[in-house]
Structures are given as structure tokens and as C-alpha cells.
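Residue-level listing of the chains:
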Amino acid sequence: MTNNKYNALISKLIDSTKENKLVWQKSNRQNGFCTDILNYQVELFHTSSGSFLIGKDKDTTYQLTLFDENGECVDSQEIVSSDEGYDNAVILLGEARRSCNKVDDVIQTIIESI
């Protein structure tokens, strides 16, 4: 269960990312991205389990982890599909990926070239 502080944090991260106030990079984890805020680092990644077989769902879990200036884990929150903040975790990972991969710049470059 995601607590209200994490839900608020995720919402602010989404807004700040959309406003280009945050720059995301790939993290050391597969399917993960991180950003630095003050002396802290925020990392978000997802893992999947299950299969795509008919009648079976693929479950995706998100993990939001906060690190201090020494790289020590301050706290970590698992976000599962039944959590209130799940949809926002999905949105945040998409926005982080777009920021990291500079998607808007890539699209603009392609538009200008055709």
C-alpha cells in the first residue's frame, strides 16, 4: 500500500518532469531511471512477473527508492497494481523515460528533417 507522502511525491515528480525542472537518467537497474534533487537521488524502476499467455496477466510492480548524498537508501516504496498510486507510477516512469531519452527533441528533429 502506497502511503500519502509517496503519492504526493510521485505527483510532484510528474509535474516537475513535465515542466522540464527535472532531468532523468538511466539508473543501474534494468527498466529504471533516476534524478537528483538537492542532495538526494530518486530512482524509479519496474519489474514484471507472470506471462502473456491467454488467461494469465503480466503483473508489473514499481519501486520508488530515495538515496542520500552518500548513496545510502533512505527509504523504498513498492507500488503494486492494487495501490492508489499505481497509475501515477506508470505515468512517472513514462515521463522519466521521455526525459532521459529526450523524446521531444528527437521528435522535433525528425519533424524538421521531413
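Our structure is the block above this text.
Here, residues in each chain are numbered from 1, in the same order as that chain's written sequence. Two thresholds apply to this predicted model, a pLDDT of at least 70 for residue-level local features and 80 or more for giving and counting side-chain atom pairs, whereas whole-chain, interface and lining totals are computed over all residues. In computing side-chain properties, one takes all heavy atoms of the structure into account and sets aside hydrogens as well as water.

(A) Up close: the nonpolar core. Core analysis: the largest hydrophobic core is formed by 19 residues, its most contacted members being Trp24, Tyr62, Leu64, Ile79 and Leu92. Runs of H or I in DSSP of at least four residues are treated as helices and runs of E of at least two as strands, each being numbered from the N terminus. Taken together, the elements giving at least two residues each to this core come down to α1 (4-18), β3 (40-50), β4 (58-67) and α2 (86-100). Working rule for contacts: check all heavy atoms of both residues, and any pair within 4.5 Å makes them a contact. For Leu64, the residues in contact, after removing those within four places along its chain, are Tyr6, Leu9, Ile10, Val42, Glu43, Leu44, Asp75, Ser76, Gln77 and Ile79. Here, the term nonpolar core denotes a set of buried Ala, Val, Leu, Ile, Met, Phe, Trp, Tyr and Cys residues that are joined through side-chain atoms within 4.5 Å. Per-residue accessibility, obtained with a 1.4 Å probe over protein chains only, is compared with the maximum for each type, and a residue is labelled buried under 20%, exposed over 50%, and partly exposed between these values.

(B) Quick peek at the packing of aromatic side chains. Paired rings are identified among Phe, Tyr and Trp, the last through its six-membered ring, by centres lying within 6.5 Å, and are further divided according to the angle between planes into stacked (under 30 degrees), edge-to-face (over 60) and tilted (the rest). For the structure shown, the criterion picks out one aromatic pair. When the ring of Tyr62 is compared with that of Tyr86, the centres are 5.5 Å apart and the planes differ by 70 degrees; the resulting orientation is edge-to-face. Placement of the pair is Tyr62 in strand β4 and Tyr86 in helix α2, with a sequence separation of 24 residues. Given the relative accessible area of 7%, Tyr62 is considered buried. Judged by its relative accessible area of 14%, Tyr86 falls in the buried class.

(C) Looking closely at the side chain of Ser16. Position of Ser16 relative to the elements: it lies in helix α1. The class of Ser16 is buried, set by a relative accessible area of 19%. When neighbours within four sequence positions are excluded, Ser16 is seen to be in contact with Lys21 and Leu22.

(D) Representation of the packing of α1 against α2 within the structure. An axis is simply a line fitted to the C-alpha atoms; with a helix, the fit covers only the stretch in contact. Between two such axes, the angle follows the N-to-C directions and lies from 0 to 180 degrees. The contact between α1 and α2 brings their axes to 9 Å, and the two run at 30 degrees. Overall, the two elements α1 and α2 adopt an arrangement that is roughly parallel. Relative to α2, the crossing made by α1 is left-handed. Residues Ile10, Ser11, Leu13, Ile14, Thr17 and Lys18 of α1 form the contact with α2, whose own contacting residues are Asn88, Ala89, Ile91, Leu92, Glu95, Ala96 and Ser99. For classification, angles of less than 35 degrees are called roughly parallel, those exceeding 145 degrees roughly antiparallel, those between 65 and 115 degrees roughly perpendicular, and all remaining angles oblique. Here a crossing is taken to be left-handed if its near helix is turned anticlockwise relative to the far helix by less than a right angle, and right-handed if that turn runs clockwise.

(E) Geometry of the environment of Thr17. Its place among the elements puts Thr17 in helix α1. Taking the C-alpha atoms as reference, Thr17 lies 9.8 Å from Thr35; in sequence the two are 18 residues apart. Discounting chain neighbours no more than four positions away, the residues touching Thr17 are Leu22, Trp24, Leu92, Glu95, Ala96 and Ser99.

(F) Representation of the environment of Glu19 within the structure. Secondary-structure assignment places Glu19 in the loop between α1 and β1 (25-26). On the basis of relative accessibility, which here comes to 47%, the residue Glu19 falls in the partly exposed class. A polar contact of 2.9 Å, which involves the side chain of Glu19, links it to the side chain of Lys21. In protein, a polar contact requires one atom able to donate a hydrogen and another able to accept it; more generally it is a pair of N or O atoms within 3.5 Å, and residues adjacent in sequence count only if both atoms are side-chain atoms.

Just geometry here; none of it tells us what the structure is for.
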